[in-house]
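# Residue-level structural notes
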Amino acid sequence: GGRRGRRGGMFSEVKYQARMHPLSSTSPAALFVQALPLVLLYPLRRVLTWITFVAYWIIIQRFSSLSRLQALLSALALERFTAGVLLPLVAVLAKWTVIGRYKAGAHQLWGSYYLRWWIVDQTLQVCGRGVFRHSGRSLIWYYRLLGAKIGRDVSIHPSARFAEHDLLTIGDGSAIDNVSVRAFTLGAGAMRLEPLTLGKSVTVAAKVALVPGMPVPDYSVLAPLSSSYDLPAPARTDLPPRLPPPGLPAGAGQCTMRFPAPGIGYRALGYAILLGVCLLEQLPVLLVLRAMVDSPWYIPHLSNVREVIVWFLTPQRIGYYLALRVVRAVVLPIVRLGACIAVKRLIIGKFTEGRRDRSEWNLFKHWLMASLLPGEALQDVGHLVGAHYEGMTLILRLLGAKVGERVYWPGSSFEGLVEYDLLEVGDDCVFGSRSIIRCADATHAARVTVCKGANVGDRCVLLPGSTVGVNAVLGSGGILQKGSVMAPGSMHVGSYRGRAVVLDEGDVAAADAPTLKPFGSAFYLGNAPYFVIPGWMHGLIGALARSWAVVHRALTLSLSLFATASLLGGVESPDFLGASRLALFVRFLLMFIVIQNAATVVAVGAAIVLKWGLMGRRTVGDHSWDRSPFCQRWQVYLASTVIIRHAYYGRGILEYLHGSAYLVWYFRALGCHIGRDVCLYPTGADPMMTEPDLVQIGDEACVDDASLIAHINSRGRFSLNRVVVGPGATLRAFSRLLSGAAMMPRATVLEHTLVLGGDVVDEDSIWQGWPGREIAKATPVQVQVPSDGGAVRDVGVKGEEIWATLPMRWLGRSRRRARATPSARWARLVQAGDGNAAQLDDIGWGREVR
């Protein structure tokens with residue numbers, strides 16, 4: 001069943017899928033379950049970790065000769081280690097208790113199985129991977145505990161996202177970069193789980209979309225900006241198995257997990273340097289603690305929980321507590337940057353072009369810099385100096401890059417940038433977010449050049465030796481292979497067979513054309529009809545916003561302790577002095593839950609108020625820097641609402657609300673037009689919709705980890721257009737609708753698909769590719785799902801009949817036989833006359849039809 005399309009590879013058959021209608025996203029059960037992570041799990045984790053710290057602190061003071069400051073630092077270290085070991089194991093236990101082993105098939109949205117999958121996924125993220133993430137072997141062991149089948153000698157990037165572990169199989173010798181590896185997808189109005197299998201010695205580079213249900217053959221290489229759909233057609237099964245290619249397969253050198261490491265001696269030296277940088281980074285925190293210890297109000301010894309609570313409520317101590325949080329958020333990133341620049345200049349030195357493995361010392365230089373300060377880590381300090389402005393230019397120059405004037409930098413910095421000396425950026429360049437600039441792969445290092453006036457879009461990949469020509473545009477998801485050169489004024493986009501698609505060949509005259517962009521003209525030359533906020537003020541706004549975020553988070557603890565003492569009449573009352581540890585813990589937990597959730601409501605409310613106060617309602621049109629203050633106000637708004645994105649254990653508030661009605665309500669409050677029972681970002685998104693006012697999503701649409709972007713910044717001109725997702729439409733993971741694109745009812749955009757501005761995905765059409773095109777036309781079929789839920793396994797078409805597997809319990813007791821029967825029967829679905837619905841016809845035995 002289905003149709004087969006070819007586009008540089010083999011698309012698996014697109015099956016005629018039975019469309020499910022979701023249950024209500026606002027049912028009491030759904031609202032209760034999907035409130036638990038933010039309302040209960042996060043507060044519970046924070047209270048338990050604080051209680052653990054206090055217990056260690058008191059015990060160390062009682063039974064050791066350490067000073068109180070030494071005891072405090074020791075207790076903090078022990079608490080971090082204990083939480084790092086126990087919390088991931090608690091999550092493993094919760095996974096096996098709540099959902100057991102994941103089952104392949106389709107499941108109704110907001111049904112029982114979806115809610116159990118959702119709460120387990122959130123629990124795993126709240127608890128984190130703890131100490132297991134620091135070692136490749138321990139990380140694999142952790143994933144195996146969760147049910148994943150992982151072979152020997154497998155290398156996994158620490159930032160790779162694994163989920164639905166029972167359905168994951170990874171063969172011996174495989175290497176996986178910073179990608180998402182999960183068996184979840186959305187389709188035909190349902191949540192679908194399909195096995196994801198990687199064969200032996202498979203290499204998966206960054207920005208690859210792995211598609212559930214599509215096995216990756218042995219020795220395959222998925223290069224950057226590719227997907228499972230780009231794999232060649234399956235080999236014949238009657239032929240001998242493929243033999244491993246000699247050496248490193250073509251393209252495998254772009255996977256960071258294939259990069260060679262120095263010998264153990266050099267690595268020991270590197271770890272010593274990294275430890276020194278870490279200790280130097282913490283020096284401001286130690287100075288604040290030292291000042292607190294030297295204060296006259298400081299109590300040298302605490303012997304029980306009540307004394308700890310009284311000490312935490314000391315007004316001077318609260319001031320130091322908040323100061324510590326601000327120092328960690330604002331000062332430490334700058335200190336670390338300074339230490340990294342010193343190590344780069346004094347120890348590592350300059351990077352040069354040539355073979356990576358030409359000496360052990362050269363391998364060590366690359367390895368140490370990648371561990372010390374990769375490009376993506378610069379965003380921590382970028383928000384404190386103005387991520388897009390001259391502060392970032394100065395930092396990159398100090399690290400060795402050759403950078404021109406009036407450059408607009410991405411807020412996310414550059415993933416993969418390590419050899420800063422090999423990066424050259426000309427005047428008036430504009431960069432989009434979430435791109436990779438790689439000046440060295442597993443074998444060679446070569447200069448990457450972005451010539452003056454060039455525009456590098458979002459999610460692009462620039463490989464060693466590549467050049468973006470003068471005034472050229474590399475559009476969304478574009479890739480430049482090793483040594484490739486874009487002509488002046490040319491325009492490329494996306495990735496097809498490992499090459500960017502050429503939209504405009506460019507011309508020689510573009511090399512001599514003016515390069516000044518609206519941003520440079522307005523921000524640096526002052527040619528704007530409004531007051532332009534200088535870069536240092538953007539940095540100040542960012543620092544103040546981050547300070548507010550950490551203070552907001554820290555105050556909940558102090559307020560909860562104060563409320564706990566107040567419930568017992570104050571810290572000097574007999575009730576407080578005579579209260580048991582259990583009574584204090586229960587009251588503290590309850591108060592923290594109440595106050596923490598009140599703080600969350602305040603933060604979300606502040607973000608909504610700031611949106612309407614600073615941005616108002618967005619409108620379609622040109623909003624370039626030299627014409628409108630829109631971009632400037634947007635940057636201030638993003639900086640001011642950092643608490644929404646990076647508040648609770650590194651997760652934003654919205655990340656606790658993925659795939660829930662609460663997230664839909666939030667975006668509606670920001671102006672988005674969203675229909676009923678829309679499944680929005682169930683596995684997250686980076687970023688979530690950036691201009692919700694201009695996005696329209698119809699009833700029962702499904703949007704996974706996809707991008708709905710209503711702006712475009714081409715050749716420096718920033719404009720806004722509407723984005724439309726029709727009723728019942730589906731955007732799968734790593735798909736993207738550009739400004740001005742639209743999807744009609746029941747349309748589907750598969751993994752790794754770009755819909756360009758102005759394109760329309762027709763009804764029931766299925767698109768794939770970057771840029772995308774239609775590869776199939778789906779026949780809509782609907783199945784009414786009983787309230788008890790269960791899985792539907794779609795099969796295909798036999799003549800005019802559509803067949804699907806339904807759980808036995810759907811067939812009713814009257815259909816069951818006393819003798820042994822299989823767990824499911826084949827149910828025949830006959831299309832209705834209009835082709836848009838189907839009804840269960842006659843239940844009978846059948847067999848799978850493909």
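See the structure above.
Residues numbered from 1 in each chain as written. Predicted model: local features only at pLDDT ≥ 70, side-chain atom pairs only at ≥ 80, totals over all residues. Heavy atoms only, no water.

### Looking at a nonpolar patch on the surface
Nonpolar side chains collect at one region of the surface, where L73, L76, L280, L283, L286 and L287 lie side by side and expose about 480 Å² of accessible area between them. Secondary structure elements with two or more residues in the nonpolar patch: α3 (68-98) and α7 (283-293). It is α7 that contributes the most residues to the nonpolar patch, three residues altogether. Structurally, the position occupied by L73 is in helix α3. Judged by its relative accessible area of 34%, L73 falls in the partly exposed class. (Patch = residues over 30% accessible without salt bridge, like charges linked within 9 Å, V, L, I, M, F, W, Y side chains within 5 Å. Areas by Shrake-Rupley, 256 points an atom, 1.4 Å probe, with all protein chains shown as cover. Salt bridge = Lys/Arg side-chain N within 4 Å of Asp/Glu carboxyl O. Helix = DSSP H or I, 4+ residues; strand = E, 2+ residues; numbered from the N terminus. Buried < 20%, exposed > 50% of the residue type's maximum accessible area, 1.4 Å probe, protein only.)

### Quick look at the side chain of S490
Inspection of the secondary structure assignment puts S490 in the loop between β26 (479-480) and β27 (491-496). Among the polar contacts listed, one links the side chain of S490 to the backbone oxygen of A487, at a separation of 2.7 Å. Leaving out residues up to four positions away in the same chain, S490 has contacts with A472, V473, D504, E505, G506 and R715. (Polar contact = N/O pair within 3.5 Å; in protein donor to acceptor, adjacent residues only side chain to side chain. Contact = heavy atoms within 4.5 Å.)

### Some thoughts on the sheet that holds strand β6 (residues 168-170)
Spatially, three strands are ordered β3-β6-β11 in an open sheet, and the strand pairing comes out parallel. Since the sheet does not close on itself, it has two edges, and those belong to β3 (149-150) and β11 (196-198), each with one partner. Judged from the two bridges that link them, β3 and β6 form a sheet pairing that is parallel. What sits directly across from I150, in β6, is I170. (Pairing = 2+ DSSP bridges.)

### Considerations on the packing of aromatic side chains
According to the stated counting rule, one finds 37 aromatic pairs in the structure shown. Ring geometry for F132 versus W141: centroids 5.7 Å apart, planes at 35 degrees, classification tilted. Note on F132: relative accessible area 7%, which makes it buried. Measuring from ring centre to ring centre gives 5.0 Å for F523 and Y524, while their planes differ by 75 degrees; the resulting arrangement is edge-to-face. A relative accessible area of 11% means that F523 is categorised as buried. Taking relative accessible area as the criterion, Y524 reaches 28% and is therefore assigned partly exposed. (Phe/Tyr/Trp six-rings, centres within 6.5 Å; stacked < 30°, edge-to-face > 60°.)

### Some words on the environment of T556
Inspection of the secondary structure puts T556 in helix α14 (residues 535-567). Of the residues examined, T556 reaches a relative accessible area of 2% and is grouped as buried. Taking C-alpha positions, T556 is 9.4 Å from M591, a pair spaced 35 residues apart along the chain. When neighbours within four sequence positions are excluded, T556 is seen to be in contact with R46, F592, I595, Q596 and A599. Side-chain polar atoms of T556 contact the backbone oxygen of R553, separated by 2.6 Å.

### Some remarks on the state of the cysteines
Here, the word disulfide means a covalent bond between the sulfur atoms of two cysteines. Under the counting rule described, the total for this entry stands at zero disulfides. Take C702: it sits in no disulfide, and the sulfur closest to it among the cysteines is that of C679, at 5.3 Å. Given a relative accessible area of 1%, C702 falls into the buried group. (Disulfide = S-S within 2.5 Å.)

### Examining unusual backbone geometry
Here the bond from D686 into P687 is cis, since omega is 0 degrees, no more than 30 degrees from zero. If you trace the backbone, P687 turns up in the loop between β31 (679-680) and β32 (695-697). Cis rather than trans, the peptide bond between W770 and P771 has omega equal to 5 degrees. Considering the arrangement of structural elements, one finds P771 in the loop between β43 (765-769) and β44 (773-777). Positive phi outside glycine occurs at L225, with the angle close to 60 degrees. Inspection of the secondary structure puts L225 in the loop between β13 (221-222) and α6 (264-281). Looking at L225, the relative accessible area reads 5%, which means it is buried.

### What to know about the pairing of strand β9 (residues 184-187)
Judged by which residues are buried, β9 turns out to be covered on both faces: F184 and L186 on one side and T185 and G187 on the other are all buried. Pairing of β9 with strand β10 (residues 190-193) involves four bridges; the strand directions are antiparallel. Across the sheet, the residue bridging to G187 is A190, located in β10.

### Looking at the side chain of T748
If you trace the backbone, T748 turns up in strand β41 (residues 748-755). Each residue touching T748, except ones within four places of it in the same chain, is listed here: T730, M743, S765, I766 and W767.

### Regarding the pattern of salt bridges
Across all of its chains, the model carries 27 salt bridges by this definition. R627 is paired through a salt bridge with D622; the nearest N and O atoms lie 2.9 Å apart. By relative accessible area, R627 is classed as exposed at 52%. Overall, the relative accessible area of 33% leaves D622 in the partly exposed class. Connected through salt bridges with shared partners, the residues D622, D626, R627 and R717 form a single ionic network.

### Re the nonpolar core
Side chains of nonpolar character tend, in soluble globular proteins, to be buried together. Judged by nonpolar contacts, the single largest core of 64 residues is most densely connected at F667, L680, I697 and L708. Filtering out sequence-adjacent residues up to four positions away, I697 remains in contact with H673, I674, G675, V678, L680, M689, L708 and V725. Counting residues in each nonpolar core, the second largest holds 53 residues, with Y113, L168, V216 and L222 among its members. (Core = buried A, V, L, I, M, F, W, Y, C linked by side-chain atoms within 4.5 Å.)

### Structural notes on helix α9 (residues 315-348)
Over its 34 residues, α9 extends 46 Å from the first C-alpha to the last, a length consistent with the 50 Å expected when each residue adds 1.5 Å. Maximum bend of α9: about 40 degrees, positioned at V331, with proline P333 one to four residues after it. Once α9 finishes, G349 follows within two positions and takes phi at roughly 80 degrees, a positive value. (Expected span 1.5 Å × (residues − 1). Bend = angle between axes of the 7 residues up to and from the residue.)

### Considering the pairing of strand β36 (residues 717-720)
As defined by bridge partners, strand β29 (residues 621-622) adjoins β36 across two bridges and the pair is classed as antiparallel. Bridge pairing in β36 places D622 opposite S719. Hairpin connection from strand β35 (residues 711-714) to β36: two residues lie between these consecutive antiparallel strands, with R715 at a positive phi of about 55 degrees.

### Focus: the environment of L167
Inspection of the secondary structure puts L167 in the loop between β5 (161-162) and β6. Linking L167 and G213, residues 46 residues apart in sequence, is a C-alpha distance of 9.7 Å. L167 has contacts with Y102, A104, A183, L193, E194, P195 and L196, leaving out every residue within four places of it along the chain.

### Looking at the sheet that holds strand β19 (residues 435-437)
Strands sit in the order β16-β19-β23-β26 across an open sheet of four strands; the sheet is parallel. Each edge of the sheet is formed by a strand with only one pairing partner; in this case those strands are β16 (414-415) and β26. Where β19 and strand β23 (residues 461-462) come together, two bridges link them in parallel fashion. When the sheet's bridge partners are listed, I436 is paired in β23 with V461.

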